[in-house]
Amino acid sequence: MSKKPQTVWVCQECGYESPKWLGRCICGAFGSMVEETVVPDDAQDTRRRVSAGSGETAGGAARPKRLKKVGSAEYARIKTGIRELDRVLGGGLVPGSLTLISGEPGIGKSTLIIQAAAKIAAQEGTVLYVSGEESEEQIKMRADRVCGSLPDSLLVMAETNMENIMAVSESCKPKFLIIDSIQTIYSDTLDSAPGSVSQVRTCGNMLMKIGKSWNVPVFIVAHVTKSGELAGPKTVEHLVDTVLHFSGERDHEVRILRAFKNRFGTTSEIGAFRMEEHGLMEIQDISATFLENTDVSEEGSVITAVYEGSRPVFLEVQALTSRTTAGFPRRTAVGVDQKRLAMILAVLEKKLGLNLSDQDVYVNIVGGLRADRTSVDLGVALAIYSTIRGAAPSRRVVAFGEVGLTGELRSVQNADRIVMEAARLGYQQVILPERSAERIDRSKIPSSCQIAGVKNLYAAAHVFLD
Ligand code: TYD
Ligand code: MG
């Protein structure tokens, strides 16, 4: 017996469901409610149960176990053959896991996936790549360019119907299943458009079922816009095991892969790639990747460092100030958090006596990596100081550390590794928080690299331009 369809209004920004139309959603978005018809079938029931967080639903058969008696499963991971991707995943793909890979259109998600798919197919057997965006011929053209020879076991299918995808994956039992992208797939059980919140959620649930019942890893590609996440993919984030984000600037060739959620590994590792003519190339020696011109020191330019996952990465911060001609002074930050920049400017004014009230300030992190770690604070502060003073150090310097509101420098984790790498890259001086400097084993650092531990921003500025 068919059940009566229900109508709900779903916010396309946040996924909130309401029985009636709202001009403004509870998330604050205006005009974002779209009417969607929900047929309460099995897939929907699963969704309700999963989102209710009940977990075990084995009809009363579930029983608690003593935690210490629970066996620890060592996951037999499937290596993707791409080291940077394996690293971010926590050592490879876990069978039965569901991974969402998001990123802006055109950033290289399909390229990364087809490269991994070809490698896994060559090693493990059947891989099914389902594309709702491109024809099989288009996929072939890309694969020819980026994968070299194609294994027999790599299967492709241009399909957007979820029920068909389910039937095909049941018959060909892939070792790895890829859906590119979730926004193009629809299920017959709903009559809302592909990409709508309810379609994405239902298809996400059905893909999870495929993965768990045949113990295959499933990759779901999702497009997100620069301004923020789209509601669709966001609503499946809670049900997937891993959320990866692929990012980079279009005009730079470096692409960074990060995990935002990972049930099978850490979220601190990053994977670095370069988009080249023949696809994505792994960057193994990432530390100096973002530096272009480090031999000359120029005013307003400072090399700083962040520790990403298990590797130090050096970045160039550039700052420029110019007299404000009209209205309020501008503060423009690219690659640095705007609020942190405002705080650093306030500390510079108060503790170093700089007058920035009639100056426009521009700060840019070169190379397209967004530095959301506080260890770049000192680099940002010194770059601004350097441009105001119109002077640059005569030696090659790296400066990093978190700047506190009183101007003190707070210690940074893994400072020893950053210093060691700076010495290896030939830097002559590292300016860092005193607390971090005290913990460094100086016998490991070559004498050509001077370690300058400083207490506060004032001291750092003096060491920097002495
Ligand atoms: P793609 O993987 O299609 O992006 P997404 O799936 O995230 O939308 O990558 C598209 C861009 O990558 C395209 O603008 C061209 C560029 N590209 C290269 O530079 N080299 C290559 O070998 C490939 C396949 C793509
Ligand atoms: Mg694509």
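Residues numbered from 1 in each chain as written. Chains lettered and ligands numbered in written order. Predicted model: local features only at pLDDT ≥ 70, side-chain atom pairs only at ≥ 80, totals over all residues. Heavy atoms only, no water.

Engineer: What is the right way to look at the sheet that holds strand β9 (residues 242–247) in this model?
Structural biologist: With mixed pairing, the nine strands of this open sheet are ordered in space as β6-β5-β7-β8-β4-β9-β10-β11-β12. On the outer flanks of this sheet lie β6 (154–158) and β12 (279–282), each paired with one strand and no other. Taken pair by pair, the neighbouring strands of this sheet meet at an average axis angle of 25 degrees, ignoring direction. Across five bridges, strand β4 (residues 98–103) lies against β9 in parallel orientation. Across the sheet, the residue bridging to Thr-99 is Thr-242, located in β9. (Pairing = 2+ DSSP bridges. Helix = DSSP H or I, 4+ residues; strand = E, 2+ residues; numbered from the N terminus. Axes fitted to C-alpha atoms, helices over the stretch in contact; angles between N-to-C directions.)

Engineer: Explain the domain arrangement of the protein here, please?
Structural biologist: By convention, interface size is frequently given as the accessible area that disappears when the constituent parts associate. You can read the domains of the protein as domain 1 (1–41), domain 2 (83–284) and domain 3 (289–464). Each of domain 1 and domain 2 has a C-alpha centre, and the two are 27 Å apart. On the domain 2 side, the residues contacting the 12 residues of domain 1 number 10 residues. Between domain 1 and domain 2 the total buried area reaches about 790 Å² when both faces are included, carbon and sulfur atoms providing 46% of it. On the surface where domain 1 and domain 2 come into contact, there are one salt bridge. At the junction of domain 1 with domain 2, the criterion picks out one residue pair in polar contact (both at pLDDT 80 or more). Breaking the side of domain 1 that touches domain 2 down by element, the ones donating at least two residues are β1 (6–11) and β3 (33–38). Per-element tally for the side of domain 1 that touches domain 2: the top contributor is β3, with three residues. (Domains from an automatic or database assignment. Contact = heavy atoms within 4.5 Å. Buried area = accessible area lost by both parts, 1.4 Å probe. Salt bridge = Lys/Arg side-chain N within 4 Å of Asp/Glu carboxyl O. Polar contact = N/O pair within 3.5 Å; in protein donor to acceptor, adjacent residues only side chain to side chain.)

Engineer: I tried to follow the site of ligand 1 on my own but got confused; where do I start?
Structural biologist: The immediate surroundings of ligand 1 are formed by 17 residues, with Gly-106, Ser-110, Thr-111, Arg-142 and Glu-276 found nearest. Take Arg-145: an N or O atom from its side chain is 3.3 Å from an oxygen atom of ligand 1. Between ligand 1 and the protein, one listed contact pairs an oxygen atom with a backbone N or O atom of Glu-277 at 2.9 Å. Where the shell around ligand 1 is concerned, the elements lending two or more residues are α3 (109–124), α4 (136–147) and β11 (270–276). Each residue belonging to the shell around ligand 1 can be placed in one class, and the counts come to four nonpolar, seven polar and six charged. (Near = heavy atom within 4 Å. Nonpolar A, V, L, I, M, F, W, Y, C, P; charged D, E, K, R; others polar.)

Engineer: Honestly, the packing of aromatic side chains in this entry has me stumped. Any pointers?
Structural biologist: In total, this model carries three aromatic pairs according to the counting rule given. Centre to centre, the rings of Phe-176 and Phe-219 are 5.4 Å apart; their planes meet at 85 degrees, and the pair counts as edge-to-face. Taken together, the residues span a long stretch of sequence, with Phe-176 in strand β7 (residues 176–180) and Phe-219 in strand β8 (residues 218–223) at a distance of 43 residues. Taken as a pair, Phe-176 and Phe-219 share a single burial class, namely buried. Consider the rings of Phe-314 and Tyr-427, whose centres lie 6.0 Å apart with planes at 20 degrees: the pair is stacked. Highlighted residues: Phe-314 in strand β14 (residues 311–323) and Tyr-427 in the loop between α10 (415–424) and β20 (429–433), separated in sequence by 113 residues. You can call Phe-314 buried: its relative accessible area is 0%. A relative accessible area of 2% places Tyr-427 in the buried class. (Phe/Tyr/Trp six-rings, centres within 6.5 Å; stacked < 30°, edge-to-face > 60°. Buried < 20%, exposed > 50% of the residue type's maximum accessible area, 1.4 Å probe, protein only.)

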